[in-house]
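Inside the fold
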Number of protein chains: 2
Amino acid sequence: MGATRKDGDARGRQDVDRGARRRGEFDLITSLFAPLAQRHPAALNLADDAAVLPPPDGGQHTVVSMDTLVSGTHFLPDDPADLVARKAMRVNLSDMAAMGARPLGVFLSVALSPAEDDAWMDRFTEGLEQDLRAFDVGLLGGDTVATPGPATFSITILGTVPPGAHLSRGGGRPGDRLWVSGTIGDAALGLKALRGDLPFLCESHRSTLADRYHVPRPRVALGLGLRGLATAALDISDGLAADLEHMCRASGCAARVQVASVPLSAMARRCVEADATLWDAVLGGGDDYEVLFAASPAREAAIRALGARLDVPLTLVGELIPVPVGDGAPVVHLLGQTGAPLTPATKGYSHR
Amino acid sequence: MGATRKDGDARGRQDVDRGARRRGEFDLITSLFAPLAQRHPAALNLADDAAVLPPPDGGQHTVVSMDTLVSGTHFLPDDPADLVARKAMRVNLSDMAAMGARPLGVFLSVALSPAEDDAWMDRFTEGLEQDLRAFDVGLLGGDTVATPGPATFSITILGTVPPGAHLSRGGGRPGDRLWVSGTIGDAALGLKALRGDLPFLCESHRSTLADRYHVPRPRVALGLGLRGLATAALDISDGLAADLEHMCRASGCAARVQVASVPLSAMARRCVEADATLWDAVLGGGDDYEVLFAASPAREAAIRALGARLDVPLTLVGELIPVPVGDGAPVVHLLGQTGAPLTPATKGYSHR
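Not measured: the values here are computed from a predicted model. (Residues numbered from 1 in each chain as written. Chains lettered and ligands numbered in written order. Predicted model: local features only at pLDDT ≥ 70, side-chain atom pairs only at ≥ 80, totals over all residues.)

Examining the overall build of chain A
Selection criterion: Strands here are runs of E lasting at least two residues and helices are runs of H or I lasting at least four, both read from the DSSP assignment and numbered beginning at the N terminus. The exposure scheme places C-beta atoms from the backbone and then counts, for each residue, the other C-beta atoms within 10 Å of its own, assigning buried at 20 or more, exposed at 12 or fewer, and partly exposed in between. Residues are scored as being in contact if the C-beta atoms we place from backbone atoms lie within 7 Å.
When helices and strands are tallied, chain A shows ten helices and 13 strands. Across the 352 residues of chain A, 59% fall into the buried class. A separation threshold of at least 6 residues defines the contact pool for chain A, and within that pool the share at least 24 residues apart is 82%.

Looking at the pairing of strand E7 (residues 232-235) of chain B
All names here are of chain B. Filter applied, for reference: Note: two strands are recorded as paired if DSSP finds a minimum of 2 bridges between them.
Neither face of E7 is left uncovered, since the one carrying Ala232 and Leu234 and the one carrying Ala233 and Asp235 both have all their residues buried. Here E7 runs beside strand E9 (residues 291-295); their pairing, made up of four bridges, is antiparallel. Each residue of the ladder has a partner; that of Asp235, found in E9, is Val291.

Notes on the sheet that holds E7 of chain B
Residue and element names in this part refer to chain B. Short version of the rule: Lines fitted to C-alpha atoms define the axes, with helix axes restricted to the stretch in contact, and inter-axis angles between N-to-C directions lie between 0 and 180 degrees.
Within the open sheet, the six strands sit side by side as E7-E9-E6-E10-E8-E11. Their pairing is mixed. Each of the sheet's edge strands pairs with one partner strand only, and the pair in question is E7 and strand E11 (332-335). The average undirected angle you get between the axes of adjacent strands in this sheet is 25°. Sheet topology note: the strand E8 (residues 254-258)/strand E10 (residues 314-321) ladder contains four bridges and is antiparallel. Bridging across to E10, Ala254 finds its partner in Ile321. Along the sheet, helix H2 (residues 81-99) contacts E7 and E9; its crossing angle with E7, the most-contacted strand, is approximately 175°. Packing of helix H10 (residues 300-310) onto the sheet brings it into contact with strand E6 (177-181), E9 and E10, and relative to E10 it is tilted by some 150°.

Digging into the relation of the copies chain A and chain B
Where we set the bar: Least squares is used to superpose the copies, and the fit set is the C-alpha atoms of residues whose pLDDT is at least 70 in both copies.
For these two chains of identical sequence, chain A goes onto chain B by a turn of 180° and a shift of 0.0 Å along the axis, with RMSD 0.0 Å. A rotation of that kind, with that shift, is consistent with a two-fold axis. Identified as the residue of chain A closest to the rotation axis by C-alpha distance is Pro55 of chain A, at 3.1 Å. Interface overlap between copies is the fraction of interface residues in one copy that are interface residues in the other; for chain A against chain B it reaches 100%, indicating a shared surface.

Concerning the environment of Leu224 of chain A
Residue and element names in this part refer to chain A. Note on placement: Leu224 falls in helix H6 (residues 220-225). Note on Leu224: 19 C-beta atoms within 10 Å, which makes it partly exposed. Residues Leu224 and Ala97, 127 residues apart in the sequence, show an inter-C-alpha distance of 7.0 Å. Beyond its immediate stretch of four places on either side in the chain, Leu224 contacts Gly100 and Arg102.

A look at H2 of chain B
Residues and elements named next belong to chain B. Put simply, the test is: Here, expected helix span is obtained from the residue count minus one, scaled by 1.5 Å.
Here H2 contains 19 residues, and its C-alpha end-to-end distance of 28 Å stays within 8% of the 27 Å for a straight helix at 1.5 Å per residue. Within H2, 19 of the 19 residues are buried, leaving the element largely enclosed by the surrounding structure. At the C-terminal side of H2, Gly100 shows a positive phi close to 70°.

Distances and angles like these do not, on their own, reveal function.
Below, the structure written as structure tokens:
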């Protein structure tokens, strides 16, 4: 790892630091990544200094986002490599869902530490291929370097959207209803399960929750369906409470959420019944990658029809309201079973 | 750094891990990056989950590349922060130059270790802004996370090129002349100077070489000018010998280079005269970020005129030739002063 400069390889855009051990520089590209890049001609077989994309059909706009995962911070060092690849793919796909964009392709930057050997990268590539196929997106390019660690994976994702059709965080208005997809809190509880913190759950429930942590379900089809229906949308990565606050600040609104309405899986229900402090993880834990969106009450029937058509549970959890008077007033009001407000704790929100 | 999930912030696409110390999550975006993002409306003020770019004018194609720099591997941990930002920008801009693309904007992923405090990031941002202005490109989005270290910066750059006009590595043909821009070897020697390895140089020469290591000069205008003139092009990041081999393999050619023709700065000339083994660093050291290109002999006058117009030195260093018979035959022939071939060493090429 003594080299202090950018090292490349014969395959150009997919560069491998010359200091990297294990699989040779060229092999990592030619044997692992180049076959995946066959799916899209813009990748130029990873053989040049960049990808070249034709303009999207029909004057569509290009939607671009970037998300980075660091070992030990965004995934566990002993997480299965294929699940790491799929999580990296999916948190980026979730940004496309939040924008109402159709995913087109990804660029992958891989910084490998000595801990990731050939077998690890083989399995990483399997997971990558699985999700490239599942979401019909191309591997268009990227970069591979060595790091003393931790391993770091950065994905830039490109998608398309008709002009003016993208979903933003800032379009919500007082009176809009608030909806969430799927169930909330499973991933945060899954992380706790992986750490052995939920001993009261059966093994089956623990592994189901862990799966929600490892493999987010980006709501790409839902994002496409919400074009023209939602006034504001984002994906829940920081936790329902925090992301709702993001939407409120972008939209110039406040919000009221009935906590009893927040959709929970049977496992999550079991958790908060066993230990009410786990509401913190549910509402504040994040990593849900479900879609939180706002829509006019007049759209309720259309939204329910969309959920039914896509087989995605969509649940009304509250509404946007005018910003309260006074600088210190909270923007997000979480109302408990009795209608009493819940109080934000230092991290997440404590139940009282 | 205990958090194990993706943490975001109110400004959406620019996410900061909640575990990050120093400047608050929002401040890093709102005070440092959002002002830079004002330059391009596609950035949506970094306030949403992604950037939204209109299709480029005139049906142009979009050129996309990604390059990652790791502290201690691609820059020195005590390098000035503004120069780190500018190097990260410039190695990506150099990919645009190599493709003949006009740079449009960048996405920046920042993984900060505890070593990068507020003052470091202020200076990093100054360097970033300086080069965003200098090359007239927008900061369109990105991602900010925490890492135990080393700091890692990944940039995805977008540019445009008319359909079919991009420069590739694979278009060279036997008989084409080989050209390089600028001077070769300065950056690799600059790294040696920074390490105290070139005691025979005066301080002024050492600092000039170090500057070539810290601040590459991406040849963006040259790349644009070479559209329609060059048959093949790439930027020299791995060293002239290695990158020429990349071009040869992509083009299905071999190459002959007269080492005496390789353009050296006065400092580099002084180095190889003092110590002939430094030819290894010159020809194999890399980090030049000059353009190596091939062109028909008929284009020589046009190329010389281009170099004069842009005030970029362009030097003929050799030619592409048919691939020699035999599997083991070298593809790149470096010919010394006497016409005798030079032999590749383990790293770089040794002079004999």
